[in-house]
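Commentary on secondary and tertiary structure
Listed here are the chains, written in short residue letters.
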Amino acid sequence: MILVKFFKDACDKFSKFRKLCSFDSREIAIRNYLNTLRSKKPRASDIVLVQCVEDPFYYGLLGQIVSSLRRERQIRVEMFCYHSLFLGESVSCYSFMRIRFINWLIGRKWSKLYDALCDGLGYRSTSWAYPIGDLYDAYRAFVCWRALTTKDALISLIIDGVPVGDLINDSFLRFKPAPTVNLADTYLWLIIWQAHRDIRRAKKYFTRIRPKLYLASYSTYIQHGIAVRVAVQNGVRVCSVFSNLQGFFKEMTVGDWRHTHNTDAYSYEFARMTEIDKKLAEADSALGARLAGTIDHATAYMSKSAYAESENLVLDVNGAVIVFLHDFFDSPHVYRRMVFPDFWDWACFTIDVLHRNNIRFFVKPHPNQRDLSYGVLNDLKKRYPDMLMVSSAITNMQLVQAGMACAVTVHGTVAHEMAYCGIPTIACGDNPHVSFDFCKTANNRDEYAKLLCQCTELKSDPLEMRKQALAFYYMHNLNLSLEEKTFMRAVAQYRDCCYDTTISAHEASGLLRSLSELPGYSVNISQLKASIQ
């Protein structure tokens, strides 16, 4: 029986492994569709670099874009293979070798898929092509790693003129994975080493080749962020594609290389609009629906709504502060500034200040956190055994109706949701709500501690807060033309289709073709075409 079970487990693992390394029907359908768009043209000198994103949604979307650019002008499309870190590889030497080997095979599969839309290889983050340079980078990384004494020193780290400390910090949290960085961990040295290698390869490529355009997905972690930062430093136009829901693509600059939308002028721009009452009413309808439990396009990343009631509230939160936790393994530096290096340090600092000042508070976990976060919550409970926790099944509206006094977050959407209900929010560091008064934003730890001490006494006009919340919601989610809204919904539908196994592969490729025929697609592509004129 033991041998039978062993053989069955081995067969199951082999089947899963084979499935990972083989083309599925959806990938084949998208590749075949992209091949129909490919035309043979003379060799071109203008180069467009495409990130080799190992994801069927981005594979089809980037393929559609470069096909449209080819119709405009003769271009050479090259791929950037960026994968260099993998989740859980630091558990043991065996895990490291096994995970690296499996992902090498998976990477080969995706390289073959991208051959359908690319003319050749731009560069890879990892290869055996530069052994001497890699050894020297390992030495430099070791010296850099041993010199680090604080997390703040890591965050401010600059390598060869490229700020990368935030990327290294967030990469450790994501791929170790861990809720906070351990400066003594050798995996941190490995990440710093990879950052040196990425910078050297990126600088060599972007200074020598200087492509007309680099199409990326995101700008977080070293795998995405280093190429983006080196490219814009060298004057290359960089656009992240569908990296936020405020537009189809965002152009990166030296002053703003985050893929998140810049919201600094929201309040000013909304005040200059016409038909403000009509826009507020439109936002009221949409935001009201979200708070009733509907998942809108802005919260489509969530598997369940924070307002879908599923449990009765038995705790007395009247007059209390609610600390809304984030997923501990998300990228904390997705926006420009953050007061703390990670969500763990933020949570501990917040709880310490509230405890020290005898402020009654409750902690609420993120409703869509990763399974790993449950272990972190247990660690938080052990550190603060008297901490009171609200179940994530309790809705935010239940907390409002029960009389909560203030919300605390780093940069969460909960800020404008609470403002809509007349509840003030405290945030720390850059966040989407910085141009409005309903969210009190701290820019350093002293400011944050002072705001926490005043959290139950924050003065606010509920009607004004609601109006500002609606203004924010409109600017962040509804400030698009009808053509753009239709197009963005079509892209979102195609994205959902790519991950829905109940939808046929043929339908997925058909949706990709359909969205490329929309007027909103033509408008966005015309803006990208300016790069290759």
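Here, every reference points to the structure presented above.
Description of the structure in this document. Computed from a predicted structure; not experimentally measured.

1. Some details on the overall build of the protein chain
- Each helix and strand in the protein chain was counted, giving 20 helices and 13 strands.
- Taken over the C-alpha trace, the protein chain has a radius of gyration of 24 Å; the compact-globule value for 533 residues is 24 Å, and the two agree within 12%.
- Across its three principal axes, the protein chain shows a C-alpha extent of roughly 70 × 60 × 55 Å.
- Residues counted as buried form 55% of the 533 residues belonging to the protein chain.
- Nonlocal contacts in the protein chain, meaning residues at least 24 apart in sequence, comprise 76% of its contacts between residues at least 6 apart.

2. Focus: the pairing of strand S2 (residues 76-81)
- Of all six residues that make up S2, six are buried, and the element is covered over most of its length.
- Covered by surrounding structure in S2 are Arg 76, Glu 78 and Phe 80 together with Val 77, Met 79 and Cys 81, the residues of both alternating faces.
- As defined by bridge partners, strand S1 (residues 47-51) adjoins S2 across five bridges and the pair is classed as parallel. If you follow Leu 49 over to S2, its bridge partner there is Glu 78.
- Crossover handedness for the path S1 to helix H3 (residues 56-72) to S2: right-handed.
- For S2 and strand S3 (residues 120-124), the ladder comprises four bridges, and the chain directions are parallel. Bridge pairing in S3 links Met 79 to Leu 121.

3. Examining the side chain of His 196
- Summarising the element assignment, His 196 is placed in helix H8 (residues 186-208).
- Residues within four places of His 196 in sequence aside, it is in contact with Asp 137, Arg 140, Ala 141 and Ile 159.

4. Digging into the side chain of Arg 26
- Its place among the elements puts Arg 26 in helix H2 (residues 25-37).
- One buried charged residue, Arg 26, forms no salt bridge at all, with the nearest opposite charge on Asp 24 at 5.6 Å.
- There is a polar contact of 3.0 Å between the side chain of Arg 26 and the backbone oxygen of Cys 497.
- Apart from the residues lying within four places of it in its own chain, the contact partners of Arg 26 are Cys 497, Cys 498, Asp 500, Thr 501, Ile 503, Ser 504, Ala 505 and Ala 508.

5. Side note on the sheet that holds S1
- Within the open sheet, the six strands sit side by side as S3-S2-S1-S6-S7-S8. Their pairing is mixed. Both outer strands of the open sheet, S3 and strand S8 (247-252), are each paired with one neighbouring strand and no more. This sheet shows a mean twist of 25° between the axes of neighbouring strands, independent of strand direction.
- For S1 and strand S6 (residues 213-216), the ladder comprises three bridges, and the chain directions are parallel. Bridge assignment links Val 50 to a residue of S6, and that residue is Leu 215.
- Where helix H4 (residues 93-114) meets the sheet, its contacts fall on S1, S2 and S3, and the angle it forms with S2 comes to roughly 170°.
- Each of S1, S2, S3 and S6 touches H8; the most contacted strand, S3, lies at about 140° to it.

6. Concerning the sheet that holds strand S11 (residues 406-408)
- If you walk across this open sheet you meet the five strands as S10-S9-S11-S12-S13, and the pairing is parallel. What marks the edges here is a single partner per strand, and that holds for strand S10 (361-364) and strand S13 (439-442). Neighbour to neighbour, the strand axes of the sheet diverge by 25° on average, direction disregarded.
- Strand contacts of helix H16 (residues 445-453): S11, strand S12 (425-428) and S13, with the helix running at about 145° to S13, the strand carrying the most contacts.

7. Some remarks on the packing of aromatic side chains
- Using the criterion set out here, one finds 31 aromatic pairs in the structure.
- Ring centres of Phe 57 and Phe 242 lie 5.7 Å apart, and the angle between their planes is 65°; this geometry places the pair in the edge-to-face category. Of this pair, Phe 57 sits in helix H3 while Phe 242 sits in strand S7 (residues 237-244), and the two are 185 residues apart along the sequence. For the pair Phe 57 and Phe 242, one class covers both residues: buried.
- Ring centres of Phe 248 and Phe 487 lie 4.9 Å apart, and the angle between their planes is 70°; this geometry places the pair in the edge-to-face category. Taken as a pair, Phe 248 in strand S8 and Phe 487 in helix H18 (residues 482-499) lie far apart in primary sequence, 239 residues in all. The same class applies to Phe 248 and to Phe 487, which are both buried.
- An aromatic cluster of at least three residues, connected via ring pairs, comprises Phe 80, Tyr 82, Tyr 123, Tyr 205, Phe 206 and Tyr 214.
- We note Arg 174 situated over the ring of Phe 175; from NZ or CZ to the ring centre the distance is 5.7 Å.

8. Overview of the packing of H18 against helix H19 (residues 505-515)
- Relative to each other, H18 and H19 sit at 165°, their axes nearing to 9 Å. As the angle between them shows, H18 and H19 are arranged roughly antiparallel. When you trace H18 past H19, the crossing you get is left-handed. In contact with Phe 487, Ala 490, Val 491, Gln 493, Tyr 494 and Cys 497 of H18, H19 contributes Glu 507, Ala 508, Leu 511, Leu 512 and Leu 515.

9. A closer look at the pattern of salt bridges
- Taken as a whole and judged by the stated rule, the model has 25 salt bridges.
- Residue Arg 229 pairs with Asp 166 through a salt bridge whose shortest N-O separation is 2.8 Å. Of this pair, Arg 229 sits in helix H9 (residues 221-233) while Asp 166 sits in helix H7 (residues 165-175), placing them 63 residues apart in sequence. Take Arg 229 and Asp 166: they sit in the same class, and that class is buried.
- Taking the shortest distance from any N to any O, the salt bridge between Arg 466 and Asp 284 comes out at 3.8 Å. Here Asp 284 lies in helix H11 (residues 276-291) and Arg 466 lies in helix H17 (residues 462-478), a separation of 182 residues in the sequence.

10. Notes on the environment of Ala 402
- Mapping Ala 402 onto the fold places it in the loop between helix H14 (396-401) and S11.
- Here the alpha-carbon distance between Ala 402 and Asp 500, two residues 98 residues apart in the chain, equals 38 Å.
- If near-sequence neighbours (up to four positions away) are discounted, Ala 402 is found in contact with Leu 313, Val 317 and Asn 318.

11. Structural notes on the nonpolar core
- Counting residues in hydrophobic clusters, the biggest one holds 96 residues, and the most contacted among them are Tyr 114, Ile 168, Leu 188, Phe 206, Tyr 214, Leu 215 and Phe 248.
- If you tally residues by element for this core, the top one is H8, at 10 residues.
- Beyond its immediate sequence surroundings of up to four residues, Tyr 114 is in contact with Val 50, Gln 51, Cys 52, Val 53, Tyr 58, Tyr 59, Leu 62 and Met 79.

Rules behind the numbers
Residues numbered from 1 in each chain as written. Predicted model: local features only at pLDDT ≥ 70, side-chain atom pairs only at ≥ 80, totals over all residues. Heavy atoms only, no water. Helix = DSSP H or I, 4+ residues; strand = E, 2+ residues; numbered from the N terminus. Rg over C-alpha atoms; globule rule 2.2 N^0.38 Å. Buried < 20%, exposed > 50% of the residue type's maximum accessible area, 1.4 Å probe, protein only. Contact = heavy atoms within 4.5 Å. Pairing = 2+ DSSP bridges. Right-handed = clockwise from strand over helix to strand, strands pointing away. Lys, Arg positive; Asp, Glu negative; His and termini not counted. Salt bridge = Lys/Arg side-chain N within 4 Å of Asp/Glu carboxyl O. Polar contact = N/O pair within 3.5 Å; in protein donor to acceptor, adjacent residues only side chain to side chain. Axes fitted to C-alpha atoms, helices over the stretch in contact; angles between N-to-C directions. Phe/Tyr/Trp six-rings, centres within 6.5 Å; stacked < 30°, edge-to-face > 60°. Lys NZ or Arg CZ within 6 Å of the ring centre and 35° of its normal. Parallel < 35°, antiparallel > 145°, perpendicular 65-115°, else oblique. Left-handed = near helix turned anticlockwise from the far one by under 90°. Core = buried A, V, L, I, M, F, W, Y, C linked by side-chain atoms within 4.5 Å.

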